[in-house]
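Spelled out from the first residue to the last, the chains are:
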Amino acid sequence: MSASLSVEIGSLRLANPILVASGTFGYAREMAGMVDVGRLGGIVPKTITQAPRAGNAPWRTVETTAGLLNSIGLDNDGIDAFIEHHLPYLGQLASPAIVSIAGRTSEEFTQMAARLSQYDEVGAIELNISCPNVSGGVDFGICPETCRDLIASVRAQCTKPLLAKLTPNVARIADVAAAAEEGGADGISAINTLLGMAVDWRRQKPLLGNVMGGLSGPAIKPVALRCVYQIAQRVKIPVIGIGGIGTIDDVMEFLVAGATAVQIGTANFNDPTVSMRLLDQMPAALAELGAASIQEIIGSLQPKSQPAPNVLGSPVA
Amino acid sequence: MNENCNPLHAPYYADHAVQLTVEVVENVQLARDTYRIRFACPSLAASITPGQFVMLRLADMQDPLLGRPLAMYDVYRDADGAAVGIDVVYLVHGKLTSKLARCAPGQRLEVWGPLGNGFPGQQVDHLIMVAGGIGQTPFVALGKEYLGRQAYGDPPRQGASAGKVTMCYGARSAEYLAGVEDFRACGIDVKISTDDGSAGHHGLVTDLLNAALDASTAGVQIACCGPERMMESVATIAAQRNVPCWVSLETPMACGIGICFTCVAKVRQDDGSWDYKRTCVEGPIFAAEKIDWE
Ligand SMILES: Cc1cc2nc3c(=O)[nH]c(=O)nc-3n(C[C@H](O)[C@H](O)[C@H](O)COP(=O)(O)OP(=O)(O)OC[C@H]3O[C@@H](n4cnc5c(N)ncnc54)[C@H](O)[C@@H]3O)c2cc1C
Ligand SMILES: Cc1cc2nc3c(=O)[nH]c(=O)nc-3n(C[C@H](O)[C@H](O)[C@H](O)COP(=O)(O)O)c2cc1C
């Protein structure tokens, strides 16, 4: 018998831990021809804002070594259009929709979350307090107190499970995670992109239209893994690992390091059917560890044993 | 749910796309820095139509990480005419194409497609295809289809026809001209210009277009692909002469399937304003007057 794959984030039950990350799967309809979207553990559609946003001027992405810089700038049609046009489609899928929102103020976040709480089609809400490409939002993910107050304000008006999506562009991400937990978050999504840039030295110009952008893809996986590990050590609520995940080994590493589930981001771009393959490969990976359920794996990282002494008797460097 | 009710959905999602790991069958040089690569992919080859593209990258490689959009040059077939695979013609440009140029047969590629809208299939008297440099790649298949030499799509698309097909092909110099024999072989009237005068007309491809338009009578349709400035000039000529024109945009893409919002172009809306539209799922082919060139 294969191991149970289901996990819980607050009151939200996911059939499996493979989700897709905001901004990397459109509004799910785009992918319906290539991916059996209903098999996913959950879908996080592209972040929506109160008012429509045209997004940043091109170039919006630049490929870097094993990574991608983006400054899309939250191009979206606003919450009204989302509720009217995208939510009905998401609601008919077998996978829960975890709706990602970004506000400029605490009031905006709270209003949007309260409004979305009224819809059965919304499985949970992810607060994007970590987008590096717009002014506003990201500030809530930097200072622990501001983060806690924001979550508390949203929590008071929101009946859906609440996730806080954190930025790695801080000195101590676990402090921000702990603050989000204190504010009433049901889970932590980590990480959003790392702030970076790319330069054309011949033209002496930045390559991105917005000068700086967020780095994603395989290049950031070690950073994401470290963040997830630090957060999982610190909080009791589930952590959803995000960052450079593209193979079953990546998935298992995040689970072992403490993630309850993962989100696939950039890998959807260069390998559109990756999420289905990971789902297919999951049972064998659990079997390899002899696990009867995924719970046995989550956070199962063992402390590293003392380094073996070398011939001179001092620890190997 | 009736998607036609949703004005936010793009018209050309990757609903018929497949993702495949394929092997290079051959990779031959056609001109300076220009190669034609062939790989087997029967279902994709059967369904793709002229102007559609695939995303392509080297399998099992994280650098370059992303696929690159490349137009279908032609479908290759077995003796019975059944689609076997596709040819792609590429210019060595950056990270992926320089690695691609060194690929030997047997090299594994990751491919997904068919993607995008492709050119419309219409009945016209005279189709004038205007290509700048590597922008020529969609036009062998388009010319063949419009001249009734080959049908594309599954089921094969009907309704595309032209009494005459002219190709105005501009390149930097003679050594960059690729596949001219392929165009001529299917009955396309090829006119050439080069920037340095090393072949054909010494000057711009738009000179060829103007001459072709002067010589042509009613029922012209222009199809254009190339550098943005050149497409803008062609669009301007088409507008001045009141000739319908399709442009195939070459906006860089990161996914090709509508999920990353990289490849946006300013597209005019019915109310006269513009909005950023994803060229991969709204295009890459647009009516020229819809594009805000800036
Ligand atoms: C629908 C479509 C069909 C195409 N068909 C063909 C074809 O048939 N044959 C062919 O040769 N090419 C084709 N192209 C163009 C091709 O996809 C690109 O030239 C591709 O980038 C080449 O990949 P590369 O890795 O070699 O170059 P890259 O390393 O990607 O670099 C290419 C150049 O693009 C610039 N660049 C990189 N990122 C961006 C960005 N975000 N915005 C603007 N510029 C950027 C770089 O500075 C560099 O000069 C097509 C493009 C589209 C959209
Ligand atoms: C093109 C692009 C757009 C993104 N848009 C969003 C977004 O709208 N909201 C959000 O919370 N994260 C967004 N992200 C961040 C991803 O969801 C994810 O956190 C990040 O890319 C790291 O994961 P990855 O390395 O697997 O891509 C975006 C990432 C990319 C590459």
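- An unreviewed UniProt entry annotates chain B as Dihydroorotate dehydrogenase electron transfer subunit of Blastopirellula marina DSM 3645.
- Looking at the Sequence similarities (unreviewed entry) heading of the UniProt record, one finds this comment for chain B: "Belongs to the PyrK family."

- An unreviewed UniProt entry annotates chain A as Dihydroorotate dehydrogenase originating from Blastopirellula marina DSM 3645.
- Quoted verbatim from the Catalytic activity (unreviewed entry) heading of the UniProt record, the comment on chain A is "(S)-dihydroorotate + A = orotate + AH2".
- If you open the UniProt record of chain A and go to Subcellular location (unreviewed entry), you find "Cytoplasm".

**Considering the site of ligand 1**
- Of all residues adjacent to ligand 1, which total 23 residues, the nearest are Trp59 of chain A together with Arg68, Pro69, Leu96 and Thr97 of chain B.
- Mapping the residues near ligand 1 onto chains gives chains A and B.
- Within the side chain of Arg68 of chain B, one N or O atom sits 2.8 Å away from an oxygen atom of ligand 1.
- Among the elements of the structure, strand S4 (68-71), strand S6 (83-91) and helix H2 (95-100) of chain B are those that each provide at least two residues to the shell around ligand 1.
- In terms of residue count, S4 of chain B provides more of the shell around ligand 1 than any other element does, four residues in total.
- Looking at the shell around ligand 1 residue by residue, the classes come out as 14 nonpolar, six polar and three charged.
- Counting residues domain by domain, the shell around ligand 1 receives three or more from each of domain 1 (18-115) and domain 2 (123-290) of chain B.

**As for the pairing of strand S7 (residues 108-115) of chain B**
All names here are of chain B.
- Within S7, seven of the eight residues are buried, which leaves the element mostly enclosed by the surrounding structure.
- In this structure, strand S1 (residues 18-31) lies alongside S7, joined through six bridges in antiparallel fashion. Across the sheet, residue Glu23 finds its bridge partner in S7, namely Arg108.
- As defined by bridge partners, strand S3 (residues 53-58) adjoins S7 across five bridges and the pair is classed as antiparallel.

**Topic: the confidence of the model for chain A**
- Put simply, chain A has an average pLDDT of 94, and 94% of its residues get 70 or more.
- Counted against residues more than four places away or in other chains, residues 311-317 of chain A, with its pLDDT under 50, gives four contacts.

The rules we used
Residues numbered from 1 in each chain as written. Chains lettered and ligands numbered in written order. Predicted model: local features only at pLDDT ≥ 70, side-chain atom pairs only at ≥ 80, totals over all residues. Heavy atoms only, no water. UniProt positions renumbered as here; feature names shortened; annotations may be inferred. Near = heavy atom within 4 Å. Polar contact = N/O pair within 3.5 Å; in protein donor to acceptor, adjacent residues only side chain to side chain. Helix = DSSP H or I, 4+ residues; strand = E, 2+ residues; numbered from the N terminus. Nonpolar A, V, L, I, M, F, W, Y, C, P; charged D, E, K, R; others polar. Domains from an automatic or database assignment. Buried < 20%, exposed > 50% of the residue type's maximum accessible area, 1.4 Å probe, protein only. Pairing = 2+ DSSP bridges. pLDDT = per-residue confidence, 0-100. Contact = heavy atoms within 4.5 Å.

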